[in-house]
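Results of the structural survey
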Amino acid sequence: MAMTPHVLIVAGSDSSGGAGIARDIEIVSAFGLRSCLAVTAVTVQTHSAVERIEQMPPELIAAQMRAAFAANTVAAVKIGMLGTAAAIEAVGSVLASNPQIPAVLDPVLASTSGRVLLEDDAIDTLRRDLIPVCRLVTPNLIELAKLTGSVPAPDQESAGRQGEKLSGSVGTAVLVKGGHAQGAQAVDVLLQPNRPAARFEAPRLPGGMRGTGCMLSSAIAASLALGVSLEGSVRSGKQYVFDIIARLQ
Ligand code: PLP
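Quick caveat, the model's predicted, so the values are computed rather than measured.

**Remarks on the nonpolar core**
Among the nonpolar cores identified, the biggest contains 75 residues, and Leu8, Val10, Val77, Ile79 and Leu130 are the most heavily contacted of them. With eight residues, the top contributor of residues to this core is helix α7 (residues 212–225). Not counting chain neighbours up to four residues away, the residues in contact with Val10 comprise Ala38, Thr40, Ile61, Met65, Val77, Lys78, Ile79, Gly80, Leu82 and Val91.

Structure follows, in structure tokens:
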């Protein structure tokens, strides 16, 4: 049991099961791996509204992470909702002590229903204390704009430029998700310092399923935990989430 590779999920719970930890665990299990947990926040949600958020104390989040590392063979970390700058600092400091373990950060800023899930003044802390110790960050176009201090990119070229700017300034790979863009193809672009950009295309599916960002970052983390390269993990993660959404059409 202790030797089975685990993915450490550092994220918030969602009572509706549409996003957050429940989704993350489903995906990690589907890749044949086990999950361990550091709960950052408990949220009361339906599929259409976030009714309440209870933030966990930063020291409790860090203690959960250290215990998860001590108890298991953690092969990758997935980070979702963090909530506050203090939570980001706590997670960043535990990750900095475990630099050999790849971490994938879904920079969750708000719910689809519009509720803020990360304090606005925490964006700088995310960029300074957490993204540099992650292997990959997976912003959508709105999150990318906030992280680069820009307006949401109107086209793929400017999204690519914002992604390059972020990746170059923090030294971490950035997967720009094109899900919020227009066009028949949903295009994601992987930008890494000193590497050519890699494009991942899939037909755009109609409908607005919740939790897709949680699922994609968990699938990439699970694939990294299995020893797959970053580019291979992004490809298989995207395919996996596409197949789930397509089955629900
Ligand atoms: N609730 C939690 C706990 C989350 O982690 C997230 C996204 O990561 C959301 C809600 C928002 O999900 P959605 O925008 O798909 O509703």
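So much for the structure itself; the text now carries on.
**Things to note about the site of the ligand**
Near the ligand there are 13 residues, and of these Gln45, Thr112, Arg210, Gly211 and Cys214 occur at the shortest range. Arg210 places a polar side-chain atom, nitrogen or oxygen, 2.8 Å from an oxygen atom of the ligand. Contact between the ligand and Gly211: an oxygen atom at 2.8 Å from a main-chain N or O atom of the residue. Relative to its unbound accessible area of 400 Å², the ligand is 91% covered by the protein chains. Each residue belonging to the shell around the ligand can be placed in one class, and the counts come to five nonpolar, seven polar and one charged.

**Notes on the pairing of strand β1 (residues 5–14)**
In terms of burial, β1 is largely enclosed, as eight of its ten residues are buried. Here β1 runs beside strand β4 (residues 73–79); their pairing, made up of six bridges, is parallel. Across the sheet, the residue bridging to Val7 is Ala76, located in β4. Where β1 meets strand β2 (residues 34–45), nine bridges bridge the pair, whose relative direction is parallel. Bridge assignment links Gly12 to a residue of β2, and that residue is Ala41. At this point the chain moves from β1, through helix α1 (residues 21–30), to the parallel β2, and the crossover so formed is right-handed.

**Thoughts on the pattern of salt bridges**
What the rule picks out here adds up to eleven salt bridges. For Lys146, the salt bridge identified is with Asp120, shortest N-O distance 3.3 Å. Placement of the pair is Lys146 in helix α5 (residues 141–148) and Asp120 in the loop between β5 (103–105) and α4 (123–130), with a sequence separation of 26 residues. Residue Asp120 is classed as exposed on the basis of its relative accessible area, which comes to 56%. Measuring nitrogen to oxygen at the nearest pair gives 3.2 Å for the salt bridge that ties Lys238 to Asp188. Separated by 50 residues along the polypeptide, Lys238 in helix α8 (residues 230–247) and Asp188 in strand β8 (residues 185–191) bring together distant segments of the chain. Its relative accessible area of 12% is what places Lys238 among the buried residues. In the salt-bridge network here, residues are joined through shared partners; they are Glu89, Arg128 and Asp129.

Rules of the game
Residues numbered from 1 in each chain as written. Predicted model: local features only at pLDDT ≥ 70, side-chain atom pairs only at ≥ 80, totals over all residues. Heavy atoms only, no water. Core = buried A, V, L, I, M, F, W, Y, C linked by side-chain atoms within 4.5 Å. Buried < 20%, exposed > 50% of the residue type's maximum accessible area, 1.4 Å probe, protein only. Helix = DSSP H or I, 4+ residues; strand = E, 2+ residues; numbered from the N terminus. Contact = heavy atoms within 4.5 Å. Near = heavy atom within 4 Å. Polar contact = N/O pair within 3.5 Å; in protein donor to acceptor, adjacent residues only side chain to side chain. Areas by Shrake-Rupley, 256 points an atom, 1.4 Å probe, with all protein chains shown as cover. Nonpolar A, V, L, I, M, F, W, Y, C, P; charged D, E, K, R; others polar. Pairing = 2+ DSSP bridges. Right-handed = clockwise from strand over helix to strand, strands pointing away. Salt bridge = Lys/Arg side-chain N within 4 Å of Asp/Glu carboxyl O.

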